[in-house]
Amino acid sequence: IKNLVFDVGNVLVHWTPEKVVKEIFPEHPSHEELTHDLFKKHPWLDLNLGKITERELLDIYHELYGHDLSVLETMMAKLKTSLSPIDPEFTLIKKAHEAGYKLYALTDNVREFMVHLKKEHDIWHYFDGIVVSAEIGHLKPSREIYQHLLDTYQLNPKECVFLDDVEGNIEGAKRLGMHGIIFQNVPQCVQALKAFGIDLS
């Protein structure tokens, strides 16, 4: 194994939209349902695919659901600040880099969120490449997003371990010959990497 490929949401930083929805819309009868409407359906997916901007998304939500634009803007601001590090010191990233592994990020993500993350966290210089769904128009677990990573950085899939918190995304990577670990937390991940001969403890 020469390359470690990291998802971003719930691997490097927390992604907890329902928590933000509860805070912004405390009176809503079903926060689970509202979270699904706002973050699992097509306006949001279009943002993740780079088809629309954050501003266009908020206008769509305003039209669809009648939420006040200023409230929606506050929601997006809180979503960004909620993207706090899972490992405050990013120890896993630093140790992997020091051990000589090439590091890549492969993320279903929004342009505006990535701008925020790059501004807030001084870790991206450790990465040899970053693939963002909104920049290439494909989401996991579609074959195209993994293929884009492999082709762009000329990687041998057998030399890659992909770390993601969603099993379906790991399966997508495996279909192209990559190895995978379902990320739960840093200690579990460190232990799972040992099976590939990678000791970052």
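Look above for the structure.
In short, a report on the structure. For clarity, every value in this text was computed on a predicted model and none was experimentally measured.

### Considering the packing of aromatic side chains
For the coordinates displayed, the defined rule picks out ten aromatic pairs. Each ring, one from Trp15 and one from Phe39, has its centre 5.9 Å from the other, and the planes form 90°; the classification is edge-to-face. Residue Trp15 is found in the loop between β1 (3-6) and α1 (17-24), and its partner Phe39 is found in helix α2 (residues 31-39); the two are separated by 24 residues along the sequence. Accessibility expressed as a relative area gives 25% for Trp15, which makes it partly exposed. For Phe39, a relative accessible area of 6% translates into the label buried. Measuring from ring centre to ring centre gives 5.9 Å for Trp15 and Trp44, while their planes differ by 15°; the resulting arrangement is stacked. Separated by 29 residues along the polypeptide, Trp15 in the loop between β1 and α1 and Trp44 in helix α3 (residues 42-48) bring together distant segments of the chain. Trp44 gets classed as buried once you look at its relative accessible area, which sits at 5%. Following the ring pairs from residue to residue traces out a cluster consisting of Trp15, Phe39, Trp44 and Phe113.

### Describing the pairing of β1
On β1, burial covers both faces: Asn3 and Val5 on one face and Leu4 and Phe6 on the other are all buried. Sheet analysis places β1 next to strand β2 (residues 102-107), joined by four bridges and oriented parallel. Paired with Leu4 across the bridge in β2 is Leu103. Across four bridges, β1 lies against strand β4 (residues 160-164) in parallel orientation. Paired with Asn3 across the strands is Cys160, a residue of β4.

### Description of the packing of helix α5 (residues 69-81) against helix α7 (residues 111-120)
Relative to each other, α5 and α7 sit at 45°, their axes nearing to 10 Å. One way to sum up the angle between α5 and α7 is to call them oblique. α7 is crossed by α5, and the crossing has right-handed handedness. Touching Met76, Leu79, Lys80 and Thr81 of α5 are Glu112, Phe113 and His116, all from α7.

### Overview of the pattern of salt bridges
Counting across every chain of the model gives nine salt bridges. Between Glu23 and Lys78 there is a salt bridge, with the nearest N and O atoms lying 3.1 Å from each other. Placement of the pair is Glu23 in helix α1 and Lys78 in helix α5, with a sequence separation of 55 residues. Here Lys78 falls in the partly exposed class, since its relative accessible area comes to 30%. Put simply, Asp128 and Lys102 hold a salt bridge, and the shortest N to O gap is 3.7 Å. Taken as a pair, Asp128 in the loop between α7 and β3 (129-132) and Lys102 in strand β2 lie far apart in primary sequence, 26 residues in all. Through salt bridges with shared partners, a single network forms among Asp7, Lys140 and Asp164.

So, how was this worked out
Throughout this document, residue positions are counted from 1 along each chain, in the order its sequence is written. Per-residue local features of the predicted model are confined to residues with pLDDT of at least 70, and side-chain atom pairs are confined, for both listing and counting, to 80 or more; whole-chain, interface and lining totals are unaffected and use all residues. Excluding hydrogens and water, the side-chain figures rest on all heavy atoms present in the structure. Here a pair means two rings of Phe, Tyr or Trp (six-membered ring of Trp) with centres within 6.5 Å. Their orientation is stacked below 30 degrees between planes, edge-to-face above 60, and tilted elsewhere. Note on conventions: DSSP H or I runs of at least 4 residues are helices, E runs of at least 2 residues are strands, and numbering of each starts at the N terminus. Each residue gets one of three labels from its accessible area relative to the maximum for its type: buried under 20%, exposed over 50%, partly exposed in between, using a 1.4 Å probe on protein chains only. In this description, strands pair whenever DSSP reports at least two bridges between them. Only the stretch in contact is used when fitting a helix axis, every axis being a line fitted to C-alpha atoms; angles between N-to-C directions are given from 0 to 180 degrees. These descriptions rest on fixed angle ranges, namely under 35 degrees for roughly parallel, over 145 for roughly antiparallel, 65 to 115 for roughly perpendicular, and the rest for oblique. Each crossing gets its hand from how the near helix is turned against the far one by less than a right angle, where anticlockwise is left-handed and clockwise is right-handed. In what follows, a contact means two residues having at least one pair of non-hydrogen atoms within 4.5 Å. Salt bridge, as applied in this entry: a Lys or Arg side-chain nitrogen positioned within 4 Å of an Asp or Glu carboxyl oxygen.

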